[in-house]
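Tertiary structure, described
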Amino acid sequence: MKHNDLLKKFNLRLEELEKMPRMDQSKTITEVIEEKGFSRREFMKWATATCALLALPAEFTPLVAKAAELADRLPIIWLHMAECTGCSESLLRSDAPSIDSLIFDHISLEYHETLMAAAGWQAEENLENAMKKYKGRYVLMVEGGVPIANEGSFLTIGGHAKRGKDIAIEASNDAAAIFAIGTCSSFGGVQAAIPNPTGAVGLSEVTNKPVINVPGCPPSEKNIVGTLLHFLLYGTLPALDAFNRPKWAYKHRIHDLCERRGHFDAGEFVEQFGDEGAKNGYCLYKVGCKGPYTFNNCSKNKFNQGTSWPVQAGFGCMGCSEPDFWDTMGTVGEPLKDKLYNTVFDGMGADATADNIGVNLLIATGVGIAAHAAISAIKHPKGDE
Amino acid sequence: MIKFIEKIEGEAKLNFSFDEHKKIDFVDIEFFSTRNIEKILENKPALDALVINPRVCGICGHAHLIATTKALEDCYKNIEVPNNAKILRELTLNFEIMQNHFKWFYLSILPLLGERQHLLKATFPSQILAKAIAVVGGQYPHTSYSLVGGVVCDITVMDILKITHLIDEVMKYFEKNLLVDESEEFLNYKNIENILNKDGDLIKTLLKFKQNSWQHLGRSYGRFVVFGQNSYFNSGKSIKTTVSKNLNFANIKEQTNQNSYAKNVTYKNKYYEVGPLSRAMLNKIPLIKDSHRKYGDSIFSRILARMYEIPQLLNHSKKLLDELDLDKPFYIEPKIDISKISGSGYGCVEAARGTLLHKVKLHNGIIEKYDIITPTQWNLSNGTKEKLGVSQKAMIGLSDINLAEIVFKSFDVCSVCTTH
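Because the structure is predicted, anything quoted here is derived from the model rather than measured.

1. Let's talk about the overall build of chain B
A tally of regular secondary structure across chain B gives 15 helices and 13 strands. Here the C-alpha atoms of chain B give a radius of gyration of 21 Å, agreeing with the 22 Å that 2.2 N^0.38 yields for 420 residues. Classification of the 420 residues of chain B by burial places 56% in the buried group. Considering only intrachain contacts with a sequence separation of at least 6, the fraction spanning at least 24 residues in chain B is 70%.

2. Things to note about the overall build of chain A
Assigned secondary structure in chain A consists of 18 helices and nine strands. Looking at chain A residue by residue over its 385 residues, the buried ones come to 53%. Sequence-distant contacts, at least 24 apart, represent 72% of the contacts inside chain A between residues at least 6 apart.

3. Topic: unusual backbone geometry
Following Cys 217 of chain A, the chain continues to Pro 218 of chain A via a peptide bond in cis, the omega torsion being 0 degrees. Inspection of the secondary structure puts Pro 218 of chain A in the loop between β9 (212-214) and α10 (221-234). Between Tyr 140 of chain B and Pro 141 of chain B the backbone carries a cis peptide bond, its omega angle lying at 0 degrees. Within the fold, Pro 141 of chain B resides in the loop between α5 (119-137) and β4 (146-147). We note that Lys 268 of chain B has phi near 45 degrees; this positive angle belongs to a residue other than glycine. Residue Lys 268 of chain B is classed as exposed on the basis of its 11 C-beta neighbours within 10 Å.

4. Quick word on the interface of chain A and chain B
Counting residues at the interface gives 58 residues for chain A and 61 residues for chain B. Contributing elements (two or more residues each) for the side of chain A that touches chain B: α5 (86-92), α6 (99-106), α7 (121-133), β5 (156-157), α13 (276-279) and α15 (310-313) of chain A. Looking at the side of chain A that touches chain B, its residues break down into 28 nonpolar, 23 polar and seven charged.

5. Some points on the sheet that holds strand β13 (residues 366-373) of chain B
Whenever strands of a sheet pair, they do so through backbone hydrogen bonds, lying parallel or antiparallel. Residue and element names in this part refer to chain B. Strands sit in the order β11-β12-β13 across an open sheet of three strands; the sheet is antiparallel. Only two strands of the sheet have a single neighbouring strand rather than two, namely β11 (343-351) and β13. Between one strand and the next, the sheet's axes are offset by a mean angle of 15 degrees, whatever the strand orientation. Of the strands in this sheet, β11 and β12 (354-363) touch helix α3 (residues 61-75), which is tilted by about 150 degrees from β11.

6. Quick word on the sheet that holds strand β6 (residues 223-226) of chain B
Residue and element names in this part refer to chain B. Strand order in this open sheet of three strands is β6-β7-β8, and the pairing throughout is antiparallel. The strands lining the two open edges of the sheet, one partner per strand, are β6 and β8 (242-244). When strand polarity is set aside, the average angle formed by the axes of neighbouring strands in this sheet is 15 degrees. Sheet topology places β6 next to strand β7 (residues 236-239); four bridges connect them, and they run antiparallel.

7. Points about the domain arrangement of chain A
All names here are of chain A. When cut into domains, chain A gives domain 1 (3-249) and domain 2 (252-379). With 19 residues of domain 1 at the interface, the matching set in domain 2 holds 18 residues. Of the residues belonging to the side of domain 1 that touches domain 2, the class tally is eleven nonpolar, three polar and five charged.

8. Details of the packing of helix α3 (residues 40-53) of chain A against helix α4 (residues 61-69) of chain A
Residues and elements named next belong to chain A. In contact at an axis separation of 8 Å, α3 and α4 are set at 110 degrees when each is read in the N-to-C sense. With respect to α4, the element α3 is oriented roughly perpendicular. Together, Phe 43, Met 44, Ala 47, Thr 48, Thr 50 and Cys 51 of α3 and Thr 61, Val 64, Ala 65 and Ala 68 of α4 make up the contact between the two elements.

9. Re the pairing of strand β1 (residues 76-80) of chain A
Residue and element names in this part refer to chain A. For β1, the buried fraction is high: five of the five residues fall into the buried class. With burial as the criterion, each face of β1 is covered, one bearing Ile 76, Trp 78 and His 80 and the other bearing Ile 77 and Leu 79. In the sheet, β1 pairs with strand β3 (residues 139-143) via five bridges, with the strands oriented parallel. Its bridge partner lying in β3, Ile 77 is registered against Leu 140.

10. Some words on the confidence of the model for chain A
For chain A, mean pLDDT is 78; residues scoring 70 or higher make up 77% of the total. Per-element mean pLDDT across chain A ranges from 39 in helix α18 (residues 356-379) of chain A up to 94 in β9 of chain A.

11. Topic: helix α11 (residues 299-323) of chain B
Over its 25 residues, α11 of chain B runs 36 Å from end to end, which matches the ideal 36 Å to within 8%, given 1.5 Å per residue. At Ile 310 of chain B, α11 of chain B is bent by approximately 25 degrees, the largest bend along its length, and proline Pro 311 of chain B sits one to four residues beyond.

12. What to know about the packing of α5 of chain B against helix α6 (residues 157-177) of chain B
Residue and element names in this part refer to chain B. Where α5 meets α6, the closest approach of the two axes is 9 Å, and the angle between their N-to-C directions is 165 degrees. What the angle tells us is that α5 and α6 run roughly antiparallel. Considering how the two elements wind past one another, α5 and α6 form a crossing that is left-handed. In this structure, α5 contributes Lys 121, Phe 124, Pro 125, Ile 128, Leu 129, Lys 131, Ala 132 and Val 135 to the contact, and α6 contributes Asp 159, Lys 162, Ile 163, Leu 166, Ile 167, Glu 169, Val 170, Tyr 173 and Asn 177. In the contact of α5 with α6, the residues fall into eleven nonpolar, one polar and five charged.

13. What to know about the environment of Leu 91 of chain B
Residue and element names in this part refer to chain B. Here Leu 91 is to be found in helix α4 (residues 83-112). For Leu 91, a count of 26 C-beta atoms within 10 Å gives the class buried. Sequence separation between Leu 91 and Pro 329 is 238 residues; the distance between their C-alpha atoms is 17 Å. Residue contacts for Leu 91: discarding those within four places in its chain leaves Val 136, Ser 317 and Leu 320.

14. As for the environment of Pro 329 of chain B
Turning to its location among the elements, Pro 329 of chain B is positioned in the loop between α11 and β11. Judged by the 19 C-beta atoms lying within 10 Å of it, Pro 329 of chain B is partly exposed. Separated by 179 residues in sequence, Pro 329 of chain B and Gly 150 of chain B place their C-alpha atoms 8.7 Å apart. Not counting residues up to four positions away in its chain, the partners in contact with Pro 329 of chain B are Gly 274 of chain A together with Pro 82 and Asn 84 of chain B.

Cut-off values and rules
Residues numbered from 1 in each chain as written. Chains lettered and ligands numbered in written order. Predicted model: local features only at pLDDT ≥ 70, side-chain atom pairs only at ≥ 80, totals over all residues. Helix = DSSP H or I, 4+ residues; strand = E, 2+ residues; numbered from the N terminus. Rg over C-alpha atoms; globule rule 2.2 N^0.38 Å. Buried ≥ 20, exposed ≤ 12 C-beta atoms within 10 Å, placed from the backbone. Contact = placed C-beta atoms within 7 Å. Nonpolar A, V, L, I, M, F, W, Y, C, P; charged D, E, K, R; others polar. Pairing = 2+ DSSP bridges. Axes fitted to C-alpha atoms, helices over the stretch in contact; angles between N-to-C directions. Domains from an automatic or database assignment. Parallel < 35°, antiparallel > 145°, perpendicular 65-115°, else oblique. pLDDT = per-residue confidence, 0-100. Expected span 1.5 Å × (residues − 1). Bend = angle between axes of the 7 residues up to and from the residue. Left-handed = near helix turned anticlockwise from the far one by under 90°.

This is how it looks when you write it as structure tokens:
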């Protein structure tokens, strides 16, 4: 779509949203943000950054800002399945100056077990009411895998002991859009690791509605907020890769934009944690970084308001946004030598529609890794003593 | 009568029964979700536990990481762990403990007392503390920066400056919002009355308890235990005020429950309370001892102990930072590769909610058995009428189940941890 068409489309969409009533009548998002001491300038700065994150040209910034201001038009239902609440945690500490958290504080999370004030029977009723009242209009965000072993009895919720699986299906049926937040609800997550005792699966396995996966353990707050803003702007599902991940966030490998990439290309590796290479910030591939096999934008966004990320800390990437990373990404601290020829689509990566340049680049990377892995097998003295 | 407790990173069902005076005479505590993490760990390479275990819990995952590291290191008979690594592990764990305390106070306790939920008051300090963890560990939640033999990061002077600044900011926040006090003295108060004439959200809450004559509510056995000895916390058990230092991991027993996914935990066949109040009792913090003398192990003492731990830990964290020696290593590769290790080990730390214990058995570097005992299991053990668990005992005798919920939550319940 050309820019002008897209601009027109967004404008129409936002006009439409503007006509809808606000969930909370007392204050607008603009007022809330101003009240908390953020200037218009700071807000626009945030909008510019978010615009870039969504891979939109700079001229779309005012629209992104407007979309954020209209975020309280969308009813949102957030469900917890089998999980650790880490995704909500990630969201709760989204960007400072915390414009994201302000928006999330104020947008109508019609049902969020951790954040809402209601509890117990009242909460259960709220959920049913919200699903009825906003039928076909609400955005469903699900955190956590859905356990289906033993008829789903490993997770029951509320006074009627409803099974998590049934709630997930029911809520999916009438949702305008469904986002699976985190690796658990995208692919089953840590509880789905072999032998998967509770039979945990991703949300897309239990519903026949399209599910947008926002994996990561936890996903960065930017990707959660970005997915929501994307839906606000487009009103349709984003372009997705083979695992239903939005391309704007999961198009590139961690490796592609990694801050240590230069050292990889130069063949400078950390041979063991704590060595001179580690002090010099060399590439972590040989101590088990799974960045070359993992599609996510951590290397650009980092975590905790851009403070740091695993590669910067010196541990390397664990591949946490890939399906079944517990079982498929191999041993901690060891490079994934054999993985080279077994990545999705026979080494073509998750993005099957990558253009030729992309494919060529990928092959070059692959060769690089194979060569280094071979050297690693000889050089690394571990286990010889 | 059944009540559902939410906002505990999951859900718990409390089934109350009442005597003829309409007072609670028994509470059955049930948890309905489980993920069976211990089962998943079996037959996996030992180091995989470092990545899987933080995911037991999204709010205290770091404690699980450090406990895992320690348990694996314990499998080596003698392993050298650099002092710098020990300091950093303690530091990041302190930060995690504190950020949990802030969230518990503003998101769990205040709304129960009829206050509006102050989301930002909870997230502001926890954002700062998470940032401080990220400076060292790369991200929060779910960092895996600590591993057998040390930590992976190499801290620079710049990082230390950053962390110092973040600690100061949290301290400022605490002094401005929770306990407004200009003097430097507030860490050394000896008497409850010293703080009750001050201002701040913590003081207001405590006064509310006094006004309603609730300060004695929620008393249990007065039996405390702390296993996670480190440079700040003292391990030991304390019954009323008698302290004993001799603890043995072998005396800790876990029993399964028929109608709940949570397991009960006892020490020498007795239920003990773990958490900030226990730690304060064993550390002999004068202010908390005073509260305990006046009001016993009540919700009043628990709230005060938990929140008063924040400035203590901030202070101690600064001292820890000073002890870092940047010329010394942060990681020393173990002399024997983990794939040649067979044996078992314990890893024990103090997490936000109390003592967290990991037990591991390795055979040639493969996990044969893994056992996790979480703090909430101690406090929320579902005992019988004859032998009540700590939180059950604390709720007995109340007639209002809303008050019972406050008592229940005063233990800072975490459902995902409890059932893991």
